[in-house]
Amino acid sequence: LMKLFSLIFICLLSLRVLPDCENSLDSSRLVIAGGSLTEIVYLLGLEEKLVAIDITSNYPEKTKLLPSIGYVRNLSTEGILSLSPTLILGEDDMGPPNVLRQIQNTGVDIKIIPEESSAKGVVNKIQCVADILGKPRVGQKKIKKFIKNDLKVLKNLSEQNKKSPKKVMLILNIQGASPIVAGRETSGDGLIKMTGAVNVMDDFEGWKPVGTEAIISANPDFILITQRGMGNFSDVKALSEHPSLKFSNAAKKGNIIAKDGMAMLGFGPRTIKIASDLAKRFSLDEL
């Protein structure tokens, strides 16, 4: 009997984490909290539904014309409700929770899209948004037209790279002498793994500052950094002279790559292409 109860409990837990991708009853006034979701809405050609977005939604360029609801993790009940939304789509870090509860209590439909930092996760996210907005076939067509080829290229390059994987470190930003880098269970870690490379900073979880000694010891072949993380550095050559990076193989060989942070780490439509391009660069590099 205990085994039966345990099985039922496990099934209930699994049901709780299933993505809510059912068609929304009314998506005519759509508010989005999450840059990757905004990109997907534009990919689907459904941007006429948008009434507001959060500040992480900065692509494509025309998003600047839309009202902002602030930062995805620090939303305001009054600010959002003043827009009279019929549907709110959010990434899994949307919050704070008390604001979401207040909005739900007014009857506004809120759907949080699950995040999986993988190529499959991107495809599932696109299709989930398409299903919610009542356009499942549009989702399938857009994936086939804009994503499928890059997925195929990425898969082939990734398998090739795994045979002799490059050591990669991904920097979110640099605070003083210590870069903030991607450890396990981060979007940065997911991106690196998509390319068939290995994350040299996988001995810890999350985003953490890393000292010079740890970087020298890890000695990455490539360093990835967000464009925002470049900060006051004029270019990657100037960055390669940073005291904590200059002794690495990546810096010595000029293998430091700066890319748009949302494109790399948002796991929206552009992430597949970014990963494909990086995988190609890694495959061409001679150890």
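Remember, predicted model here, so these are calculated numbers, not experimental data.

Undergrad: Can you explain the overall build of the protein chain? Please cite residues and give values.
TA: Helix and strand content of the protein chain: twelve helices and ten strands. Taking 2.2 N^0.38 as the reference for a compact globule, 287 residues should give roughly 19 Å; the C-alpha atoms of the protein chain span a radius of gyration of 21 Å, in line with that estimate. Across the 287 residues of the protein chain, 49% fall into the buried class. Sequence separation of 24 or more characterises 61% of the internal contacts of the protein chain that already satisfy a separation of 6 or more. For the protein chain, the accessible surface area stands at approximately 14900 Å², while carbon and sulfur atoms represent 54% of it. Measuring between centres, the 37 positive side-chain charges of the protein chain sit 5 Å from its 31 negative side-chain charges.

Undergrad: Describe the packing of aromatic side chains, with residues and values.
TA: Under the counting rule described, the total for this entry stands at one aromatic pair. Aromatic pair Phe222 and Phe282: ring centres 4.7 Å apart, planes at 55°, arrangement tilted. Taken together, the positions of Phe222 in strand β9 (residues 222–226) and Phe282 in helix α12 (residues 269–284) put the pair 60 residues apart, joining distant regions of the chain. Note on accessibility: Phe222 and Phe282 belong to one class, buried. A cation sits over an aromatic face here: Arg270 above Tyr59, 3.8 Å from the ring centre.

Undergrad: Can you break down the nonpolar core residue by residue, with the values?
TA: Among the nonpolar cores identified, the biggest contains 48 residues, and Leu89, Val129, Leu191 and Leu224 are the most heavily contacted of them. The element that contributes the greatest number of residues to this core is helix α5 (residues 119–132), accounting for eight residues. Among residues more than four places away in sequence, those in contact with Leu191 are Leu170, Leu224, Met264, Phe267, Thr271, Ile274, Ala275 and Leu278.

Undergrad: I'd love a proper account of the environment of Pro220, names of residues and values included.
TA: Here Pro220 shows up in the loop between α8 (212–218) and β9. For the pair Pro220 and Ile69, spaced 151 residues apart in sequence, the C-alpha to C-alpha distance is 39 Å. Apart from the residues within four sequence positions on either side, Pro220 is in contact with Lys167, Val168, Met169, Val200, Ile215, Ser248, Asn249 and Ala250.

Reading guide: rules and limits
Residues numbered from 1 in each chain as written. Predicted model: local features only at pLDDT ≥ 70, side-chain atom pairs only at ≥ 80, totals over all residues. Heavy atoms only, no water. Helix = DSSP H or I, 4+ residues; strand = E, 2+ residues; numbered from the N terminus. Rg over C-alpha atoms; globule rule 2.2 N^0.38 Å. Buried < 20%, exposed > 50% of the residue type's maximum accessible area, 1.4 Å probe, protein only. Contact = heavy atoms within 4.5 Å. Areas by Shrake-Rupley, 256 points an atom, 1.4 Å probe, with all protein chains shown as cover. Lys, Arg positive; Asp, Glu negative; His and termini not counted. Charge placed at Lys NZ, Arg CZ, Asp CG, Glu CD. Phe/Tyr/Trp six-rings, centres within 6.5 Å; stacked < 30°, edge-to-face > 60°. Lys NZ or Arg CZ within 6 Å of the ring centre and 35° of its normal. Core = buried A, V, L, I, M, F, W, Y, C linked by side-chain atoms within 4.5 Å.

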